[in-house]
Amino acid sequence: MLHIRKTLLVRDIVTSEMGRSADHPIVRAVGLAVIGNPFAGKYVEDLTELFEAGRTVGERLMPDLVGLLRRSPVSYGKGAIVGVDGEFEHGGACIHPMLGKPMRAAVGGGKAVIPSNVKIAACGAALDVPLSHKDDSWSFDHFDTITVSMPGAPRPDEIVVVLVVADGGRLHPRCGNAPR
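Residues numbered from 1 in each chain as written. Predicted model: local features only at pLDDT ≥ 70, side-chain atom pairs only at ≥ 80, totals over all residues. Heavy atoms only, no water.

A. Region of the structure containing the overall build of the chain. Scanning the chain from terminus to terminus reveals 3 helices and 7 strands. Relative to the globule expectation of 16 Å for 180 residues, the C-alpha radius of gyration of the chain, 16 Å, shows essentially globular dimensions. Structurally, the chain occupies a C-alpha span of about 50 × 30 × 30 Å along its principal axes. The 180 residues of the chain split such that 45% are buried. When contacts within the chain are restricted to residue pairs at least 6 apart in sequence, those whose partners lie at least 24 apart make up 77%. Of the roughly 8,800 Å² that the chain leaves accessible, carbon and sulfur atoms contribute 52%. (Helix = DSSP H or I, 4+ residues; strand = E, 2+ residues; numbered from the N terminus. Rg over C-alpha atoms; globule rule 2.2 N^0.38 Å. Buried < 20%, exposed > 50% of the residue type's maximum accessible area, 1.4 Å probe, protein only. Contact = heavy atoms within 4.5 Å. Areas by Shrake-Rupley, 256 points an atom, 1.4 Å probe, with all protein chains shown as cover.)

Shown next as structure tokens:
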């Protein structure tokens, strides 16, 4: 049974870079959910419970995240921070097999792979979550990263599941026209 100890929603609005204002701000919305890790401290073969947990977190948080954007979502990313009594695979189980479906449903598509990052870390650790365009894996203008952390988590027997959506790419992209 999934237990979410706490959640945090963050709205990051980027309005200028290097003194140059944007034509329109880029909004990135982040949702973090702290869940109990039923497999902390032990090896188990079947991680289905964590697959289901990822899906449930996505279904609960994605509508709120999309609602924080000013325009339609165009990019996304996901991640997990596993408490020190867990293993890397526990984070992967939360974000890979089933989380993608509610993320894609909320952003209205999602042909591209959802970029991700997982790590094992102590309470308060930061995670760099990559973002890319939801339908075009080669849209260089949408390659981005946001660094997030959850105060007071993860405890050793917890996992922080992270979801990110954005209504634009980088503020002043200039790498997309480079020769390939």
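Now that the structure has been shown, the text picks up again.
B. Local environment of the pattern of salt bridges. Inspection of the entire model under this criterion finds 6 salt bridges. With its nearest N and O atoms 2.5 Å apart, the salt bridge here joins D12 to R28. Separated by 16 residues along the polypeptide, D12 in strand β1 (residues 4–17) and R28 in strand β2 (residues 20–36) bring together distant segments of the chain. Under the relative-accessibility criterion, R28 is labelled buried at 11%. Shared partners join several salt bridges into a network, and the residues in it are D12, R28 and D144. (Salt bridge = Lys/Arg side-chain N within 4 Å of Asp/Glu carboxyl O.)

C. Seen up close, a nonpolar patch on the surface. On the surface, a cluster of nonpolar side chains totalling about 270 Å² of accessible area is made up of V84, F88 and I120. Here V84 is to be found in the loop between β3 (75–82) and α2 (88–95). Under the relative-accessibility criterion, V84 is labelled partly exposed at 48%. (Patch = residues over 30% accessible without salt bridge, like charges linked within 9 Å, V, L, I, M, F, W, Y side chains within 5 Å.)

D. Here's a closer look at the nonpolar core. Among the nonpolar cores identified, the biggest contains 29 residues, and I35, I159, V161, L163 and V165 are the most heavily contacted of them. Taken together, the elements giving at least two residues each to this core come down to β2, α1 (48–67), β3, α2, α3 (100–107) and β7 (158–166). Per-element tally for this core: the top contributor is α1, with 6 residues. Once you skip the residues sitting within four places of it in the chain, I35 turns out to touch L2, H3, I4, L50, A53, V57, C94, D157, E158, I159 and V161. Formed by 17 residues, the second largest nonpolar core is a distinct cluster that contains L127, L131, I146 and V148. (Core = buried A, V, L, I, M, F, W, Y, C linked by side-chain atoms within 4.5 Å.)

E. Structural detail: α3. Those residues of α3 not exposed but buried are G100, P102, M103 and V107. For α3, the elements touching its buried residues are α1, β3 and β7. Immediately beyond the C-terminal end of α3, within one or two residues, lies G108, with a positive phi of roughly 70°.

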